[in-house]
Amino acid sequence: MTRVLSLVGHSDESRLIEATLASHDVTADPAELHHAGGLDLVIVDREALQAWREEIGILRSREAPAAMPVLLMLPARELDASMGMIGQQIDDVMVQPFQPAELLARVNNLLRVRELSVSLRERVAQSDSELRVLGRAFSLFAACNELILRADSEDELLNSTLDELVSNRGFRFAWVGLAKHDECKSIDVLAQSGTAGNYLTHVSPTWGEGPEGDGPAGRAIRNHQAQVCDDMASAPNIAPWRDMVQEYGFGSCLVLPCRFDKTRDGILVLYSEMRHAFTAEEIELMGRLSENIAFGLQALRDREALRQAKHSAELRAYRDVLTGLPNRQWIHEQLATLGAQADRHGRYAAVLFVDLDGFKRINDSMGHEVGDRLLRKVARRLQGLVREEDFVSRQGGDEFVILMPFEKLDTGLEYNEESQHTYLTGAASQVAERIVSGMRKPFTDGHNEHYLGASVGISLFPRDTKEAMALPGLADQAMYEVKSQGGNGYQFYNAQLSAEHSSLVALEQDLYEAVQQQDFELHYQPVVDLETGDVHSVEALLRWPQPDGSTVAPKAFLPMLEETGLIIRVGEWALRKACEDLRKAREHLPDLRLSLNLSVRQLWQPSLPARIADMVRQAGLPPEAVELEVTEAAMMSDIARMEKVLQELQQRGFALTIDDYGTGYSSISRLLALPVSTLKLDGSFLRATEDTPSATSMISAIADMTPKLQLRLVIEGVENNRQRDLLTRLGCSLGQGYLFTHPMPFDGLMAYLKKPLTLETPV
């Protein structure tokens, strides 16, 4: 019912108005002017308009943009003067006295205007509200998109976006799920946000068949279309979760498909406390947000794939794949930087070139898989032996380069070139000593223990060279000097080494050619009875004659043969040649026996005992005619493995000798465990008897010990009669040395074996 305020002073007209408008709620109380929205029409005469003009104006303004109609009652004579007020202070004018029918018609027209204007105002207000909601939605959309762009991980993207939706949009709860292709076709929750965090622990939405899969989430995944539930309290497909929906106060929900990629379907789910909370525009906007979330996730995966590819490329370019250490290229660039910054920043450095002793024999005999594992263990050990600020890199094979950077302030001394050099030398020496010592400790690989050593060459910058790139090459030359002296040590570069290095390189090239052409020879030196001079056996010794008639000393080329692995081919040739010569010699001396030294690389060859047995048999010799010698140092390289090889050789009938005994740190208990029959005492003991009395006691003790251990003793390095007489007094029966003869070719050996014995005549 419409409400009309009548402020007409004439009582008869006032009663007529009330009677005419009986179907409306008519009041004459001017206080109603102060209640906005309480009136639909005001009827006034001239006196009332003047009295209540301000209040009526305020009321009309307060109701705007809706119309607040005012009908003015005037005498006919005042009609023309009042027409200018229409549209400003009043909406219509009636002439007094009036007819009821006319009044009713005028009032109904004004009330229709009022009704239309109120409806328009409501629609405008609703549009404003929708625009504000949509504006907030656009603002949220932009904020979420920025989060998607800035996220560094999938978890960050999902959690931050959902938090934004809940905190700034007012959703009660939001979550993102992933459709799983398991038997139940369950939905895995990837992220969630809101005050209903336990909701998903009580419900189990799926996207399969059945009631649990018929909800908005399941339909959105199956149909790839947005699903809206405007009233969750009454929607039939919410029935499985009705109680939980009511408990958490959900009024409506929106489920949007969110396809992460071709094989992964997901959903974005939003809950509101209100029913009918989602407008068409907002659904469209949230759909675009869902697509952007999927795009953001894919972009993150692409970014991660690119990062991984870049990291992989960097590893390939700057990292050694096997050990994970920096590689040759990385060191190359570090040295280039060192050279460029040396003068400006006072850079100094030491470079250590590390080459493993004994690695090649392990790698060749036990396979690359074992070798690779060993290299990884070496890499880790090296990193633990250097300073924290040093860089360990692998150059390839069993070679490592260590860069030790320094600055002027590192010395702690008053700076000058000599003090800097002293400091560098001391620091590099300490690291090198730790490496040499650390590499001697065994490496455990399953049930096996591997023994290595390290040869370390050191170059200093800028002392040795002002070209930083040349440092590894100089350190390499110093390392070769260590190798030539037997390894297991370190050496600083000096200018003389360059010439020696060039000689070593040339020697290595010549060795390869000599192996190809079999330019080696075997010389033989007898082991004789010290009392009778009878030949007990002969030892085959490798010699490398030169075109000019000279001979390269064995100590100059044997280590290189061992290091390069050429000793395998040379050793096999030497054994075949020695067996052939022995067969010829036994035609005249049937009981003659031959001894031949086996290198570590040979001993580590697979099936070595069988191969030696085949070669001896092919030469027509019995195994007992051949004695195989192994140096004490070689035997200690891997004790367990050596024992196994030596036992198999003994089982095949070969006699075994420990050569250079006394130089390899073996124990008496180790002797008891080894299947050897002969000890060859190193010649250094006999030479020491001239200056060291205890050396004589040592030889005497060994001479007393060996028979009790059922071992034969041979003394090496017998060079004069005084030494022979001493050994005879000490009870030593067998000797070998220049007193009897120098090593000689096979023809010379045959001549020596046939001539009469003359022990008093040194050769």
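This text goes with the structure placed above it.
Structure report, in brief. This structure is a prediction, so every number in the text was calculated from the model and none was measured.

1. Thoughts on the overall build of the protein
- Scanning the protein from N- to C-terminus turns up 27 helices and 26 strands.
- Residue burial in the protein is summarised as follows: out of 763 residues, 48% are buried.
- A sequence separation of at least 24 residues applies to 63% of the contacts in the protein between residues at least 6 apart.

2. Let's talk about the side chain of E716
- The residue E716 is located in strand β25 (residues 712-716) in this model.
- The buried charged residue E716 lacks any salt bridge partner; its closest oppositely charged side chain belongs to K680, at an N-O distance of 4.5 Å.

3. Some thoughts on the pattern of salt bridges
- All told, the structure shown has 34 salt bridges when counted by the stated rule.
- Residues R3 and D25 are paired through a salt bridge, measuring 2.4 Å at the closest nitrogen-oxygen approach. You can see R3 sitting in strand β1 (residues 3-7) and its partner D25 sitting in strand β2 (residues 25-27), a full 22 residues away along the chain.
- Judged by its relative accessible area of 29%, D25 falls in the partly exposed class.
- Among the ionic pairs, E102 bridges to R106, the shortest N-O distance being 3.4 Å. In this pair, E102 and R106 both sit in helix α5 (residues 100-150), four residues apart, roughly one turn of the helix.
- Each member of the salt-bridge network shares a partner with another, and the members are R3, D25 and E32.

4. Considering the nonpolar core
- Counting 118 residues, the largest nonpolar core has L352, I435 and F520 as the members making the most contacts within it.
- Sequence-distant contacts of I435, defined by excluding residues within four places in its chain, comprise L352, V354, L382, L385, I402, A454 and V456.

5. What to know about the pairing of strand β16 (residues 453-461)
- Counting buried positions along β16 yields nine of nine residues, so the element is predominantly enclosed.
- Where burial is concerned, the two faces of β16 agree: the one with G453, S455, G457, S459 and F461 and the one with A454, V456, I458 and L460 are both buried.
- Where strand β11 (residues 347-357) lies against β16, nine bridges are found, and the strand directions are antiparallel. If you follow L356 over to β16, its bridge partner there is A454.
- Remark: the β16/helix α15 (residues 471-484)/strand β17 (residues 489-492) crossover connection has left-handed handedness.

6. A word on the sheet that holds β16
- Judged by pairing direction, the sheet is mixed, and its five strands sit side by side in the order β12-β13-β11-β16-β17 without closing on themselves. On the outer flanks of this sheet lie β12 (391-396) and β17, each paired with one strand and no other. Between one strand axis and the next, the sheet turns by 20° as a mean value, whatever way the strands run.
- When β12 meets strand β13 (residues 399-407), the two strands line up antiparallel, connected through five bridges. Bridge pairing in β13 places F391 opposite L403.
- Docked against the sheet, α15 engages β11, β16 and β17, running at close to 140° with respect to β16.

7. Side note on helix α13 (residues 368-385)
- Relative to the 26 Å expected for 18 residues at 1.5 Å per residue, α13 spans 25 Å between its end C-alpha atoms, a close match to the ideal helical length.
- If you check which residues of α13 are buried, you get V370, G371, L374, L375, V378, A379, L382 and L385.

Rules used in this analysis
- Residues numbered from 1 in each chain as written.
- Predicted model: local features only at pLDDT ≥ 70, side-chain atom pairs only at ≥ 80, totals over all residues.
- Heavy atoms only, no water.
- Helix = DSSP H or I, 4+ residues; strand = E, 2+ residues; numbered from the N terminus.
- Buried < 20%, exposed > 50% of the residue type's maximum accessible area, 1.4 Å probe, protein only.
- Contact = heavy atoms within 4.5 Å.
- Lys, Arg positive; Asp, Glu negative; His and termini not counted.
- Salt bridge = Lys/Arg side-chain N within 4 Å of Asp/Glu carboxyl O.
- Core = buried A, V, L, I, M, F, W, Y, C linked by side-chain atoms within 4.5 Å.
- Pairing = 2+ DSSP bridges.
- Right-handed = clockwise from strand over helix to strand, strands pointing away.
- Axes fitted to C-alpha atoms, helices over the stretch in contact; angles between N-to-C directions.
- Expected span 1.5 Å × (residues − 1).

Coordinates in, geometry out; function isn't part of it.
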